[in-house]
Amino acid sequence: MKAIHIKLWRDLRRLRAQVATIALVVAIGVAGFVGMFSVHASLQGSRDDFYRDNRLADVFASVKRAPVHLRERLATIEGVAEVRLDVVFDAQIALAGAQAPVTGRFIGLDLARVQAHRQGLNELTLRSGRWPERGRELEAVVSDRFAVARDLKPGDRVDAILNGRLERVHLVGTAISPEYVFASRGGAPDDQSFGIWWIDHERMRQVFDMQGAFNQAALRLDAGAREAAVIGATDRLLDAYGTLGAVGLDRQLSARIVADELAQLKVMGTVLPAIFLAVAMFILNVVVSRQVATQRGQIAALKALGYGDGAIAWHYIQLALVIAGLGVLAGLALSVWIGQLMLGLYDEVFRFNRLAYVTTPWLVVVATAVAASAAAIGTWTAIHAVVRLKPAQAMQPPAPPRYRRTLLERLGPGRRVGAGALMVIRDFERRPWRAAFTVTGIAMAVALQISGAFWLDAIAHIVDTQFRRVQQGDVLVNFHRPVPLSVVGELRRLPGVVDAEPYRSEPVRVRLHGLSEDAQLLGLEASAQLLRVVDETRGHVALPAQGLVMSSLLARAIGADVGDRVRVEFRLWNQTQVEVPVVDVVHTMMGKQAFMRLDAMNVLARDGQGATEAALQVDPLAVAAFWDAVKRAPVINAVFDKAGSMASFNETTSRNMGVFSGILTLFAVAMAVGIVYNAARITLSERAWELAGLRVLGMTRAEVSVLLLAQLGAELLLALPIGAATGWALASLLMRLMSSDNIDFPVVIEPSTYASAALIVLAAGLASAFLVRRQIDRLDLVAVLKVRE
């Protein structure tokens, strides 16, 4: 083995603690990159396979009621390869042992095509039990996620109100559908309260009086077909029948949520690992710089033995590459744990035919190349000047730095500063870049902790806004079609109902300046308190007697502002078109919505004084009697139980975000330890002669330790406010990168999150200081003081 190789292994052994901490930082960067992109690849591959194997449609259209003979006209639209027509309705379901009813989406299933294994578009995969059969009993298969959440098994029976009639439904199996990978009514995860039920399509048409009609169409397009043209032609064909507007796969609710999650994974897998690899590059630069400075004599000896500049440079780059290689190996192992943990969480939310963790070779190659490049760049910037020295020049110690009084001393206050504090100030001023990089690295650890924990604050804010400030009622009920306002009086007479308020929700298309956007128009009573319009900054917003109040997401989409007159097209029922002035724009977090007074909305709709939904306030002591009455109310099509939905939402999101936040906390601690420990060890190696001299002069170990660790403490304290500000900026960046045209969540970070991030990083710094303190206690004073003059 060559001498230079022996030196390499000796250096690695001597620096083993620093090698371990730097490799850990590299490992976290690699693990984050490989783990998150592997989860991304696994989810995307499973999604694409599921969509392809089960023949998910490309365009979806909902309509109030249209004749089935339109199938031929839909099929003749240029670019359409296949058409599927369905009957789909929501209904309330009473489950055995459950106090509150749940909402089920009932979909007709062509049993003949199922038995012939020719389901067509949006094909189901049976997960358990068997397919329904036609007979006296109404049989159904239910979505797998809902069955698991509610502990339903083949053989169970439930009661459902279908089109005002109570029906007993026999559950015979569970299934998954590419159309409902994420089953939700409004975009929030709620497996406890919402499920998909497939029953015989003939029975479905009979129960809902839809013989010879459909209310949902799915289209598969030819390769190369223009989706926008097909959507436009579909809308023109269905407009006369009250369409909600055709949408492509990118706007279909389930597919959009899966796509948004994939986009967020890509952001997280890019931004966070980049931070770790940048920190690792900085630490390597500082460590190798110090290593080269203390080994000038060895470099000179190697040159005298015939090693050239390139061989010596390669030796130090090898040192960095070995450290990076150890980090890559540890990171790949850690990435499997992180990836499988995250994929397990996604498996509870999304349902595919198969979902297995896969790491593609290109991820390993890219991660290795990036880590090696960062190590090589950090090392080269540290050694390029020293390795060019001539042997005789390298044999000499480096020229001593030119010391002078610090700015504080020159201005006068330095005389009142103690010797220990003055040493810290001098070190900051004489090595400003190193101090700046150390402070920045610690600040990034704080920021990383904040960027992981703030999601819990954001979720708490969303829950508070949507479930407490906007929806102040306890229950929302939905009617199959608009009902007279007198129905609200009947709701008030239900057991336990303290108050009831009607409102109307209608799909509309809003046009301005040649731009159009599909939105939801909500009509509320002037005195509404159970369901309100809430602006993020202004709070509750009272609706004016006339005019339209528009959400900021909708206003941004069409470029609307206060004073503009927009054209509103009602998509259902009378399908009127009116011009309405925009009187206010409110900042809401979710959805493209518009609001107006209920009486004004009914006038514009020209179909009488009606309501489609109602908000109820219920006496907590009479909840059981209330739900019993609701289960017997044929007019109620679907229900939203706020308490149950809040509990389900909190359980799902808190668990998932808690795991994610915990992973980032561990990463932040590792980064803080890596930075603080290496900074302290480097400072110790540089000032060992001074500290040993002070020990000989009579200072105790504790006093010497304070002199060394005071600088570390100062850097930690400086990093905390910078880290807090950087954490807010990083959280804002992540939120902006992950936002979509239907979501505008604010960045909410509670003081407790800042405090916990600071305490965690301080604890990591103190642990690192303790390790270095032990090194100070073990200083060999005689060996350290044998320095070359």
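See the structure printed just above.
This write-up is about the structure you can find in this document. Every residue gets a number counted from 1 within its own chain, in the order that chain's sequence is written. Where local features are concerned, this predicted model is filtered to residues with pLDDT of at least 70; where side-chain atom pairs are given and counted, the filter is 80 or more; whole-chain, interface and lining totals use all residues. Calculation of side-chain values draws on the structure's entire complement of heavy atoms; hydrogens and water are dropped beforehand.

Digging into the overall build of the protein
Assigned secondary structure in the protein consists of 23 helices and 22 strands. Buried means the residue's accessible area, taken with a 1.4 Å probe over protein chains only, is under 20% of the maximum for its type, while exposed means over 50%, and partly exposed covers the values in between. Residues counted as buried form 54% of the 789 residues belonging to the protein. In the protein, of all internal contacts separated by at least 6 residues, the share reaching a separation of at least 24 is 82%. Only the protein chains shown count as cover for residues, with accessible areas throughout obtained via the Shrake-Rupley method and a probe of 1.4 Å. Total accessible area on the protein stands at roughly 34,000 Å², and carbon and sulfur atoms take up 58% of it. The helix and strand labels rest on DSSP assignments: H or I over at least four residues marks a helix, E over at least two residues marks a strand, and numbering proceeds from the N terminus. Residue contacts are defined here by distance: any two heavy atoms, one from each residue, within 4.5 Å place the two residues in contact.

Some thoughts on the pairing of strand β12 (residues 475-484)
One requirement defines pairing of two strands: DSSP has to find at least two bridges between them. For β12 and strand β21 (residues 610-618), the ladder comprises six bridges, and the chain directions are antiparallel. Each residue of the ladder has a partner; that of Pro484, found in β21, is Gly610.

Considerations on the packing of aromatic side chains
Two aromatic rings, drawn from Phe, Tyr or Trp (for Trp, its six-membered ring), form a pair once their centres lie within 6.5 Å of each other, and the interplanar angle then sorts them: stacked below 30 degrees, edge-to-face above 60, tilted otherwise. Evaluated as defined, the whole model comprises 11 aromatic pairs. Geometrically, the ring pair formed by Phe106 and Trp197 is stacked, given 6.0 Å between the ring centres and 20° between the ring planes. One end of the pair, Phe106, is in strand β4 (residues 102-109); the other, Trp197, is in strand β9 (residues 194-200), and 91 residues separate them in sequence. Residue classification places Trp197 among the buried residues on the basis of a relative accessible area of 0%. Three or more aromatic residues link up through ring pairs in this structure, and these residues are Phe50, Phe182, Tyr346, Phe350 and Phe352. Directly above the ring of Phe182 sits Arg145, whose terminal nitrogen or CZ lies 5.6 Å from the centroid. Lysine NZ or arginine CZ positioned within 6 Å of the ring centre and within 35 degrees of the ring normal marks a charge as sitting over the ring.

Structural notes on the sheet that holds strand β10 (residues 213-221)
Spatially, β2-β10-β1-β11 is the arrangement adopted by the four strands of the open sheet, whose pairing is antiparallel. Every other strand in the sheet has two partners, leaving β2 (80-86) and β11 (247-248) as the edge strands with one partner each. Sheet topology note: the strand β1 (residues 59-67)/β11 ladder contains two bridges and is antiparallel. Pairing of Val59 across the sheet is with Gly248, part of β11. Docked against the sheet, helix α7 (residues 227-238) engages β1, β2, β10 and β11, running at close to 10° with respect to β1. Helix axes are fitted to C-alpha atoms over the stretch in contact, other axes to C-alpha atoms as well, and angles between N-to-C directions run from 0 to 180 degrees.

Quick notes on the pattern of salt bridges
Opposite charge on two side chains allows them to pair when their charged atoms are near. We count a salt bridge whenever a side-chain nitrogen from Lys or Arg sits within 4 Å of a carboxyl oxygen from Asp or Glu. For the coordinates displayed, the defined rule picks out 26 salt bridges. When the shortest N-O distance is used, the salt bridge between Arg55 and Glu82 registers 2.4 Å. Of this pair, Arg55 sits in the loop between α2 (16-53) and β1 while Glu82 sits in strand β2, placing them 27 residues apart in sequence. On the basis of relative accessibility, which here comes to 18%, the residue Glu82 falls in the buried class. Salt bridges sharing common partners tie together Asp235, Asp239, Arg509, Asp518 and Arg571.

Details of the environment of Leu530
Take Leu530: it is sitting in the loop between β14 (515-524) and β15 (534-535). The spatial distance from the C-alpha of Leu530 to the C-alpha of Arg469 is 9.1 Å, given a sequence separation of 61 residues. Excluding its chain neighbours within four sequence positions, the residues that come into contact with Leu530 are Val470, Gln471, Gln472, Gly473, Asp499, Ala500, Glu501, Ala615, Leu616 and Gln617.

Concerning the nonpolar core
Here the nonpolar core consists of buried residues drawn from Ala, Val, Leu, Ile, Met, Phe, Trp, Tyr and Cys, with membership extended through side-chain atoms lying within 4.5 Å. Formed by 96 residues in total, the largest nonpolar core has its most connected members in Val39, Leu43, Phe350, Phe667 and Met671. Membership of the second largest hydrophobic core comes to 26 residues, among which are Ala98, Phe146, Ala147 and Leu171.

Looking at the pairing of strand β18 (residues 565-570)
Here strand β13 (residues 497-512) pairs with β18 via four bridges, running antiparallel. Directly across from Arg511, in β18, lies its bridge partner Arg567. Summarising the sheet, β18 and strand β19 (residues 577-586) pair through five bridges and their orientation is antiparallel. Among the inter-strand pairings, Glu569 is bridged to a residue of β19, identified as Gln577. Counting the residues that bridge the hairpin from β18 to β19 gives six residues, and of these Trp573 lies at a positive phi of roughly 55°.

Description of the side chain of Asn122
Secondary-structure assignment places Asn122 in the loop between α4 (111-115) and β5 (125-129). Note on Asn122: relative accessible area 3%, which makes it buried. Setting aside chain neighbours within four positions, we find Asn122 in contact with Asn54, Arg55, Leu56, Ala57, Phe60, Arg84, Ser177, Pro178, Glu179 and Ala218.

Section: the packing of helix α1 (residues 3-14) against helix α10 (residues 309-349)
Viewed as axis vectors pointing N to C, α1 and α10 meet at an angle of 35°, and their least axial separation amounts to 10 Å. In this structure, the crossing between α1 and α10 has a hand that is right-handed. From α1, Ile4, Lys7, Leu8, Asp11 and Leu12 reach across to α10, where they touch Ala311, Ile312, His315, Tyr316, Gln318, Leu319, Val322 and Ile323. Polar here means any residue other than Ala, Val, Leu, Ile, Met, Phe, Trp, Tyr, Cys and Pro, which are nonpolar, and Asp, Glu, Lys and Arg, which are charged; Gly is therefore polar. Within the contact of α1 with α10, the residues separate by chemical class into nine nonpolar, two polar and two charged. With the far helix as reference, a near helix turned anticlockwise by less than a right angle produces a left-handed crossing, and one turned clockwise produces a right-handed crossing.

Remarks on unusual backbone geometry
Phi at Asn163 is positive, roughly 55°, even though this residue is not glycine. Its place among the elements puts Asn163 in the loop between β7 (157-162) and β8 (165-176). One non-glycine residue, Asp209, adopts positive backbone phi at about 50°. Along the polypeptide, Asp209 turns up in the loop between α6 (201-207) and β10. Asp209 sits in the partly exposed class, given a relative accessible area of 42%.

Observations regarding a nonpolar patch on the surface
Patch membership requires more than 30% relative accessible area and the absence of a salt bridge. Residues of like charge join within 9 Å; the nonpolar side chains Val, Leu, Ile, Met, Phe, Trp and Tyr join within 5 Å. A surface patch of nonpolar side chains, about 300 Å² in accessible area, is lined by Trp337, Leu341 and Leu666. As for its placement among the helices and strands, Leu341 is situated in helix α10.

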